[in-house]
Amino acid sequence: VLDDKEQYDADAKDTLGYGRQDGLTPSFDVAKVRLVLRGTVFRTWVRYNLMFEAGRTPGESSSKIKDAYLELGKEVLSIRAGQYKVPFGLQELTADTGQEFVDRSLANAAFAPSRDTGVMLMGTGRARKLGYALGAFNGSGESRVQNNRALMWAARLWAAPLGEHKLTEGALEAPVKGSLHLGLAARGCDAMKGGNPGIVQDINRQLALGLELAWKWQRLFLTGEAFWQRDDVHNPASGPHVEGYGWHLQGGYLVLPRRLELGLRYAAVDPNRDVQDDRSTELRGAADYYWKGHNLKLQADAGLLSYEPRASGRSNRLAQAVDEKLQDFQLRLQLQLSF
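Rules and cut-offs
- Residues numbered from 1 in each chain as written.
- Predicted model: local features only at pLDDT ≥ 70, side-chain atom pairs only at ≥ 80, totals over all residues.
- Heavy atoms only, no water.
- Helix = DSSP H or I, 4+ residues; strand = E, 2+ residues; numbered from the N terminus.
- Rg over C-alpha atoms; globule rule 2.2 N^0.38 Å.
- Buried < 20%, exposed > 50% of the residue type's maximum accessible area, 1.4 Å probe, protein only.
- Contact = heavy atoms within 4.5 Å.
- Areas by Shrake-Rupley, 256 points an atom, 1.4 Å probe, with all protein chains shown as cover.
- Lys, Arg positive; Asp, Glu negative; His and termini not counted.
- Charge placed at Lys NZ, Arg CZ, Asp CG, Glu CD.
- Core = buried A, V, L, I, M, F, W, Y, C linked by side-chain atoms within 4.5 Å.
- Pairing = 2+ DSSP bridges.
- Polar contact = N/O pair within 3.5 Å; in protein donor to acceptor, adjacent residues only side chain to side chain.
- Salt bridge = Lys/Arg side-chain N within 4 Å of Asp/Glu carboxyl O.
- Phe/Tyr/Trp six-rings, centres within 6.5 Å; stacked < 30°, edge-to-face > 60°.

### Quick notes on the overall build of the protein chain
Scanning the protein chain from N- to C-terminus turns up two helices and 17 strands. A compact globule built from 339 residues would reach a C-alpha radius of gyration of about 20 Å, and the protein chain, at 21 Å, matches this within 12%. Principal-axis analysis of the C-alpha atoms gives the protein chain an extent of 65 × 55 × 35 Å. Going through the 339 residues of the protein chain one by one, you find that 43% of them count as buried. Considering only contacts within the protein chain whose residues lie at least 6 apart along the sequence, 57% involve residues at least 24 apart. Element-wise, carbon and sulfur atoms account for 60% of the exposed surface of the protein chain, whose accessible area totals about 18000 Å². Each charge class in the protein chain was averaged separately, 43 positive and 41 negative side chains, and the resulting centres sit 9 Å apart.

### Quick notes on the nonpolar core
Among the nonpolar cores identified, the biggest contains 17 residues, and Tyr84, Val86, Phe88, Met120, Phe137, Met152 and Phe227 are the most heavily contacted of them. Mapped onto this core, the elements with two or more residues apiece are helix 2 (106–111), strand 7 (115–124), strand 8 (130–137) and strand 9 (152–159). Dropping the residues within four chain positions of it, Phe137 is found in contact with Tyr84, Val86, Pro87, Asp116, Thr117, Gly118, Met120, Leu151, Met152 and Ala154. Residues Ala171, Phe221, Leu254 and Tyr290 belong to the second largest nonpolar core, which totals five residues.

### Digging into the side chain of Thr281
In this structure, Thr281 sits in strand 15 (residues 280–290). Other than its neighbours up to four places away in sequence, Thr281 contacts Leu106, Tyr266, Ala267, Ala268, Leu304, Leu305 and Ser306.

### Here we look at the pairing of strand 8
Side-chain alternation along strand 8 places Gly131, Ala133, Gly135 and Phe137 on a buried face and Leu130, Tyr132, Leu134 and Ala136 on a face that remains uncovered. Taking the residues between adjacent antiparallel strands as the criterion, strand 7 and strand 8 are bridged by five residues, where Arg128 takes a positive phi near 55°. Pairing analysis gives eight bridges linking strand 8 to strand 9, with the strands arranged antiparallel. When the sheet's bridge partners are listed, Gly131 is paired in strand 9 with Trp158.

### Details of the side chain of Gln229
As for its position among the elements, Gln229 is in strand 12 (residues 220–232). Within the structure, Gln229 has its side chain in polar contact with the side chain of Arg187 (distance 2.7 Å). Once you skip the residues sitting within four places of it in the chain, Gln229 turns out to touch Phe111, Arg187, Lys193, Gln206, Leu207, Ala208, Val242, Glu243 and Gly244.

### A closer look at the pattern of salt bridges
Within this structure, the stated rule accounts for 20 salt bridges. With a closest N to O distance of 2.6 Å, Arg34 and Glu53 form a salt bridge. In this pair, Arg34 sits in strand 3 (residues 34–41) while Glu53 sits in strand 4 (residues 43–53), placing the two residues 19 residues apart along the sequence. Among the residues examined, Arg34 registers a relative accessible area of 28% and is labelled partly exposed. Taking relative accessible area as the criterion, Glu53 reaches 1% and is therefore assigned buried. Residues Glu92 and Arg104 are paired through a salt bridge, measuring 4.0 Å at the closest nitrogen-oxygen approach.

### Quick word on unusual backbone geometry
Cis geometry marks the peptide bond from Asn235 to Pro236, where omega comes out at 10°. When you line up the elements, Pro236 lands in the loop between strand 12 and strand 13 (242–256). Notably, Gln218 is not glycine yet its phi reads approximately 50°, a positive angle. Relative to the helices and strands, Gln218 resides in the loop between strand 11 (205–217) and strand 12. Taking the relative accessible area as the measure of exposure, Gln218 reaches 48% and is therefore partly exposed. In the Ramachandran plot, Asn316 falls in the positive-phi region, its phi being about 60° despite a non-glycine side chain. One can find Asn316 in the loop between strand 16 (296–307) and strand 17 (326–337).

### Brief notes about the pairing of strand 7
Across the ten residues of strand 7, seven count as buried, placing the element largely inside the fold. Judged from the eight bridges that link them, strand 6 (residues 78–85) and strand 7 form a sheet pairing that is antiparallel. Directly across from Gly82, in strand 7, lies its bridge partner Gly118. Note: strand 7 against strand 8, seven bridges, orientation antiparallel.

### Some thoughts on the packing of aromatic side chains
Here the structure, examined in full by the defined rule, presents seven aromatic pairs. Between the aromatic rings of Tyr84 and Phe137, the centroid separation amounts to 5.7 Å while the plane-to-plane angle is 70°, which identifies the pairing as edge-to-face. Of this pair, Tyr84 sits in strand 6 while Phe137 is found in strand 8, placing the two residues 53 residues apart along the sequence. A residue is classified by how much of its surface remains accessible, and Tyr84, at 0% relative accessible area, is buried. On the basis of an interplanar angle of 10° and a centroid distance of 6.2 Å, the ring pair of Trp215 and Trp217 is categorised as stacked. Trp215 sits in the partly exposed class, given a relative accessible area of 30%.

What follows is the structure, encoded as structure tokens:
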């Protein structure tokens, strides 16, 4: 990774670099090393999934468990219990190994809950043209115990009118006639993203909605999502509702069939529509080279992250940058091996 954060200084106070912009910073990283075990127990309708992370994890006590759940049932109706991804956010629900860019969008990070612990009903139609999910979760996040007296609920409904749409980005797996995905998701009650931590009783409520679109046809791929979120603030003091929104639009084209793909993404986040100058945006281009589909590929992307003067994500900025709009440049290269 080559990262150039404009007007950024991570040096400790009283060191030689303190007060000066860091400039272009190179780094090597093993971002994810995961072992996945999945299968059936005794019966085909009793399924399990265990994903263990050998790298960094955000959970309590350095927990290394990503997914750990048991699923009972058949295609039309099944129940899942354990830790897994909350059914909210198409890009979030698309596996890390199936991404077109090195990482997910700015908007996904702002609104999609990712993993939590709970129980969920789910199912699909026999031709996989319709699907649904409805669950209840702690609302505290990956590998974290319940932190208040409320649960978070989440629901998702999707349709694939042209036939099954596989949850991978890019046009590698585009069927001959193409595929189309349309989805709607909602979550509420406990505040999974943002909110006011440290409140056990009478928590501030949160409601979020997400719209999903994905289309594959021959060498073309297009996906987009729009998010809306509202926080109802009353504890410890009453305040006005906080409404935020975000979206991303992403597309790709296979220049060389089954080998080379080029992509472009734009994303934007406004965490509070009543506050001026708090938006963040992302503009990236990508190039992927596939040897064995998504199982063995080389990914490169380059992008500009823009932050208005009151946007989040501006930590460690130099004092003279307080009232400035900033643009950070990032160049990433990643080799992915999955087997």
